[in-house]
Amino acid sequence: MAQNQAMTREARKASQTRSPQKGGRGRGQGPKRPLWRRIIRWALLIILAGIVFGGALFFYYAKDAPKLTTEELTKGGSSVVLASNDHQITRLGSENRSYVKSSEIPQQLKDAVVSIEDKRFYSEPLGIDPIRIVSSALHNVTNPNSAPQGGSTLTQQLIKLSYFSTNKSDQTLKRKAQEAWLAMQAQQKYSKEQILEYYINKVFMSNGAYGMGTAATLYYGKSLSQLTLAQTALLAGIPNAPSSYDPFVHPEAAKARRDLVIQAMLANKKITSAQAQEAINTPIASGLKSQSEVTASENNAIIADAYLQEVVKQVKKLGYDPYRDNLTIKTNLNWDAQQHLYDLVNGDAIAFPDDSMQTGVTVTDPNNGNVIAMVGNRKVGKVQMALNHATQTDRSNGSTMKPLLDYAPAIEYLNWATNHTVDDSAYTYPGTNIQLKDWDLQYQGEMTMRQALAVSRNIPAVRTLETVGISKASSFVSNLGIKIASDAGLSVGIGANLSSLQVASAYNAFANGGTYYKPQYVASITTADKVVHHYNDSEGQTAMKSSTAYMITDMLKDVITSGSGTATQISGLYQAGKTGTTGYTDEELAKNPALNNTVKDSWFAGYTKHYSIAVWTGYDKSAQQGVANQTIAQLIYRNMMSYLSANVTNSDWSKPSTVVRVGNVLYVKGHQPATTTEKTPSSSSSSSSSESSSSSVESSSSSIESSESSESSSEEPTTPDENNTSSEDNTGSGGTTTPGTGGSEENNSSSASTSSSVQQPAQ
């Protein structure tokens, strides 16, 4: 029994081994799955996991992507600045870019760009091209020694240029994810034409140019629509590697790239074989401007630096951003005059003592206030936005103030005649113990207003201001764009802190008969949408009576013919003007004895009926060095005025009916002596309306000759061009001091007596 049971168990085990249970497999039995199927299975699982992980990572990075805005895609534009004759001066902006609307971009250029950069551009629904990405990746893997291919679409390139760095080191996975995300957004937000417009205006085109419209002007002097096929293809090929395809530096590489663009256009069926061959046969230099012409814009910006600074200020005041608004700014700049002025102060036509001596010069048109030329410095190299001495207001204008603040108000309000008696005798500023004296430490006694102004005596000027009253005089010059400090003392009558711009603009009113025009730099602004806005001060404002302007002008002629400004004489030219200097105080001379026989500031301001010019000369470090040759300002004026006057009419000022002339004396009508009748002066009088300011003109009157001869004994010998310039007044006026003198040099030391601080300049 037991044996049978044992056999039964053995038989059962054997049976189980031979015949597995239904629905199951015996251990180690049955067909196995092939290895390749298992690999595919795991690969699919890995790919799926990669997609999930990649998608999660993509959106993780994308959530931090910058916001897509039209402003970012289009910003970076610049404004072109033109002279009055439409000569392009420069462009303003961090990027030299002229924006071109899609309607202004020729189809030929669009075809060229799409053919070489992204031939599936118009059929891409996402803004990215997966096929291109894969093919580029395969090419880069299989051809490691060839130039790498990019998988970016035009849309992606636009995003990259607008938001991200183009440096290879910055092309991280995070940045590529954000780039793709923004490209997909751009595809949904903008049309293909808009994206292409943004791209064509965004790309860097070498030589400082951004945008193909800018490059067309830069390289060919044309608009995009005027380019040939070969020229268009060159521009379309440059963005791929701007430095490598610079046609000036690498003409052979540029031609090879250009020809590649032409072949791509042919393959894309945008041009015929004949057109392609003709373009390929075109030399790369065909129509190309010279490199020197291309770099001229930078030189122009240097030449007109001071003027451009003021243009920027005015444009901003008008509510525009000249660096981003893609404006065309037409200015009042006379380019030829600007070039001449720049060369004059930076060349060797005038013997400056050294390169450290600075100058600020403003040239205006008296008939409308337009600023037509300006230099703000000299010998500063290729520096832009340098210190503009033409507009700085921290240096005294010296005696160029006398006609403005002293004598013109006396005529305007007190009806003084040109022979009104003024007193050049000992004078102490009221309420102080401060004496006022001239460079020669002498007194000339009684003299006429004409004489005092011609030889520029200080004391008569200050006495005149005291008689008129600072309040009235300040009100008078406020109509000329000059603000006098409310606490100014009488010494402001012989100098205040003014710029050459202010002086030239104020003298405009003398030149034109009494009207003040605000200085104008900008003639018109054309916005990006082609709307033109014009700017001018066509009306101006009446600043003084015509009688005042005429009488001041008549007296200022004597400054040039026989007074302190004889170095400015121009044969046959009707002109008037005024010298000005400011000296050093006792304290300044004690600290630096080398400043003896020098002045801190030297000026000349003069005008004709066509031009007003104000010139300042001096040193930035005036405590270390002063102006020894005071005629340099006069010589700058003379040279510039001679240049400007060569091609305009030359006529004297017409006496208004409100002025009566008796001999060489002018009266405000109604205030002449009752027993006199109007007479024409003798031809020898320099104040005659027919008088010419030639170098051979004699002294206007024997009394002026007398005053000059009394001074000449203390003058040192002068060169022919410096004749009589040592009779200039204000050499030592810097030593006159009184509290509250505004910005005048006399304000430096309120406790020092002028008599010991004034110094005679070396001639």
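*Asks:* Requested: an account of the overall build of the protein, with residues and values cited.
*Replies:* Each helix and strand counted, the protein has 26 helices and 20 strands in total. Here the protein holds 763 residues, and 53% of them are scored as buried. By sequence separation, contacts in the protein at least 24 residues apart represent 73% of the contacts at least 6 residues apart.

*Asks:* I'd love a proper account of the sheet that holds strand E16 (residues 576-582), names of residues and values included.
*Replies:* Taking strand neighbours across the sheet as the criterion, the five strands line up as E7-E6-E18-E17-E16 in an open arrangement whose pairing is antiparallel. In this open sheet, the two edge strands, each paired with only one partner strand, are strand E7 (371-375) and E16. The average angle at which neighbouring strand axes cross in this sheet is 5 degrees, direction not considered. Of the strands in this sheet, strand E6 (358-364) and E7 are in contact with helix H16 (residues 335-346), which crosses E7 at around 20 degrees.

*Asks:* Go over a nonpolar patch on the surface with me, naming the residues and quoting the values.
*Replies:* Judged by side-chain polarity, Trp36, Ile40, Leu44 and Ile47 come together as a nonpolar surface patch covering roughly 440 Å² of accessible area. Summarising the element assignment, Trp36 is placed in helix H2 (residues 35-62).

*Asks:* Which residues make up the pairing of strand E19 (residues 659-662), and what are the values?
*Replies:* On E19, burial covers both faces: Val659 and Arg661 on one face and Val660 and Val662 on the other are all buried. Across four bridges, E19 lies against strand E20 (residues 665-668) in antiparallel orientation. Residue pairing for E20: Arg661 is matched across the bridge by Leu666. With antiparallel pairing between neighbouring strands as the criterion, E19 and E20 make up a hairpin whose turn holds two residues, including Gly663 at a positive phi of roughly 65 degrees.

*Asks:* Requested: an account of the packing of aromatic side chains, with residues and values cited.
*Replies:* This model, assessed by the stated rule, comprises 12 aromatic pairs. Plain terms: the ring middles of Phe204 and Tyr210 are 4.9 Å apart, the flat faces sit at 50 degrees to each other, and that makes the pair tilted. For Phe204, a relative accessible area of 30% gives the class partly exposed. Ring geometry for Tyr413 versus Phe476: centroids 6.2 Å apart, planes at 85 degrees, classification edge-to-face.

*Asks:* Before we move on, could you go through the packing of helix H17 (residues 402-414) against helix H21 (residues 500-512) and cite the residues and values that matter?
*Replies:* Between H17 and H21, the shortest axis-to-axis distance is 11 Å and the interhelical angle comes to 40 degrees. Comparing the axis directions of H17 and H21 gives the class oblique. Taken together, the residues of H21 that come into contact with H17 (itself represented by Pro403, Leu404 and Ala408) are Ala506, Tyr507 and Phe510. Residue composition of the contact of H17 with H21, by class: six nonpolar, no polar and no charged.

*Asks:* Quick one: what's the story with the sheet that holds strand E2 (residues 88-92), residue by residue and with numbers?
*Replies:* In spatial order, the strands read E2-E1-E5-E13-E14; together these five strands make up an open sheet with mixed pairing. The open sheet terminates on both sides in strands that have one partner only, identified here as E2 and strand E14 (532-534). Geometrically, the sheet is characterised by an average inter-axis angle of 20 degrees between neighbouring strands, direction not taken into account. Bridge analysis of strand E13 (residues 522-526) against E14 gives three bridges, and the strand direction is antiparallel. Across the sheet, the residue bridging to Thr526 is Val532, located in E14.

*Asks:* So what's going on with the confidence of the model for the protein? Residues and values would help.
*Replies:* Here the protein averages 82 in pLDDT, while 78% of its residues score no lower than 70. Residue range residues 21-26 is modelled with pLDDT below 50. Its contacts to residues more than four positions away, or to other chains, number two contacts. Contacts from residues 682-763, a stretch scored under 50 in pLDDT, to residues over four places away or in other chains number 271 contacts.

*Asks:* Please give an account of the nonpolar core that cites residues and values.
*Replies:* Counting residues in each nonpolar core, the largest one holds 62 residues, and the members touching the most others are Leu404 and Leu480. Setting aside its immediate chain neighbours within four residues, Leu404 contacts Pro409, Phe476, Val477, Leu480, Ile482, Ala506, Tyr507 and Phe510. Counting 60 residues, the second-largest nonpolar core is a separate cluster that includes Phe121, Leu158, Phe164 and Met265.

*Asks:* Mind laying out the packing of helix H10 (residues 229-237) against helix H11 (residues 251-267), listing which residues take part and the relevant values?
*Replies:* At a closest axis distance of 8 Å, the pairing of H10 and H11 adopts a crossing angle of 105 degrees. In terms of orientation, H10 and H11 fall into the roughly perpendicular class. On H11, the residues that touch Leu229, Ala230, Ala233, Leu234, Ala236 and Gly237 of H10 are Ala254, Arg257, Arg258, Val261, Ile262 and Met265. Here the contact of H10 with H11 is built from residues that sort into nine nonpolar, one polar and two charged.

*Asks:* Describe the side chain of Gln575, listing the residues and the values that go with them.
*Replies:* In this structure, Gln575 sits in the loop between helix H22 (546-562) and E16. In this structure the side chain of Gln575 is engaged in a polar contact, spanning 3.1 Å, whose partner is the backbone oxygen of Thr568. A polar side-chain atom of Gln575 sits 2.8 Å from a polar atom in the side chain of Tyr637.

*Asks:* Provide a residue-level description of unusual backbone geometry, including the pertinent values.
*Replies:* In this structure, Asp86 is a non-glycine residue whose phi angle is positive, near 75 degrees. At Asn326, a position not held by glycine, the phi torsion is positive, near 55 degrees. Mapped onto the elements of the fold, Asn326 is located in the loop between helix H15 (305-317) and strand E5 (328-331). Residue Asn326 is classed as buried on the basis of its relative accessible area of 17%.

*Asks:* Describe the pattern of salt bridges, listing the residues and the values that go with them.
*Replies:* Considering all chains together, one arrives at 16 salt bridges under this definition. Notably, a salt bridge pairs Asp423 with Arg463, separated by 4.0 Å at the nearest N-O pair. Separated by 40 residues along the polypeptide, Asp423 in strand E8 (residues 421-424) and Arg463 in helix H19 (residues 458-468) bring together distant segments of the chain. Assessed through its relative accessible area of 27%, Asp423 is described here as partly exposed. Notably, a salt bridge pairs Asp424 with Arg457, separated by 2.9 Å at the nearest N-O pair. Taken together, the residues Asp424 in strand E8 and Arg457 in the loop between helix H18 (449-454) and H19 connect sequence positions 33 residues apart.

*Asks:* So what about the environment of Ala112? Which residues, and what values?
*Replies:* For Ala112, the location among the structural elements is in helix H4 (residues 107-117). The class of Ala112 is buried, set by a relative accessible area of 0%. The sequence separation of Ala112 and Gly237 amounts to 125 residues, and the corresponding C-alpha distance is 8.4 Å. Those residues within four positions of Ala112 in sequence are excluded, and the remaining contacts are Thr232, Ala236, Val261 and Met265.

*Asks:* Kindly report on the environment of Asp259, identifying the contributing residues and their values.
*Replies:* Along the chain, Asp259 turns up in helix H11. Residues Asp259 and Ile280, spaced 21 residues apart in sequence, show a C-alpha to C-alpha distance of 5.7 Å.

*Asks:* Lay out H10 with the relevant residues and their values.
*Replies:* A large share of H10 lies buried, amounting to nine of its nine residues. Looking only at H10, the buried set comprises Leu229, Ala230, Gln231, Thr232, Ala233, Leu234, Leu235, Ala236 and Gly237. Where H10 is buried, its residues contact H4, helix H9 (212-220), H11 and helix H12 (273-280).

*Asks:* Outline H9, supporting the account with residue identities and numerical values.
*Replies:* Of all nine residues making up H9, eight are buried, and the element is well covered by its neighbours. Within H9, the full set of buried residues consists of Met212, Gly213, Thr214, Ala215, Ala216, Leu218, Tyr219 and Tyr220. Gly221 sits one or two residues past H9 and shows a positive phi near 65 degrees.

What counts as what
- Residues numbered from 1 in each chain as written.
- Predicted model: local features only at pLDDT ≥ 70, side-chain atom pairs only at ≥ 80, totals over all residues.
- Heavy atoms only, no water.
- Helix = DSSP H or I, 4+ residues; strand = E, 2+ residues; numbered from the N terminus.
- Buried < 20%, exposed > 50% of the residue type's maximum accessible area, 1.4 Å probe, protein only.
- Contact = heavy atoms within 4.5 Å.
- Pairing = 2+ DSSP bridges.
- Axes fitted to C-alpha atoms, helices over the stretch in contact; angles between N-to-C directions.
- Patch = residues over 30% accessible without salt bridge, like charges linked within 9 Å, V, L, I, M, F, W, Y side chains within 5 Å.
- Areas by Shrake-Rupley, 256 points an atom, 1.4 Å probe, with all protein chains shown as cover.
- Salt bridge = Lys/Arg side-chain N within 4 Å of Asp/Glu carboxyl O.
- Phe/Tyr/Trp six-rings, centres within 6.5 Å; stacked < 30°, edge-to-face > 60°.
- Parallel < 35°, antiparallel > 145°, perpendicular 65-115°, else oblique.
- Nonpolar A, V, L, I, M, F, W, Y, C, P; charged D, E, K, R; others polar.
- pLDDT = per-residue confidence, 0-100.
- Core = buried A, V, L, I, M, F, W, Y, C linked by side-chain atoms within 4.5 Å.
- Polar contact = N/O pair within 3.5 Å; in protein donor to acceptor, adjacent residues only side chain to side chain.

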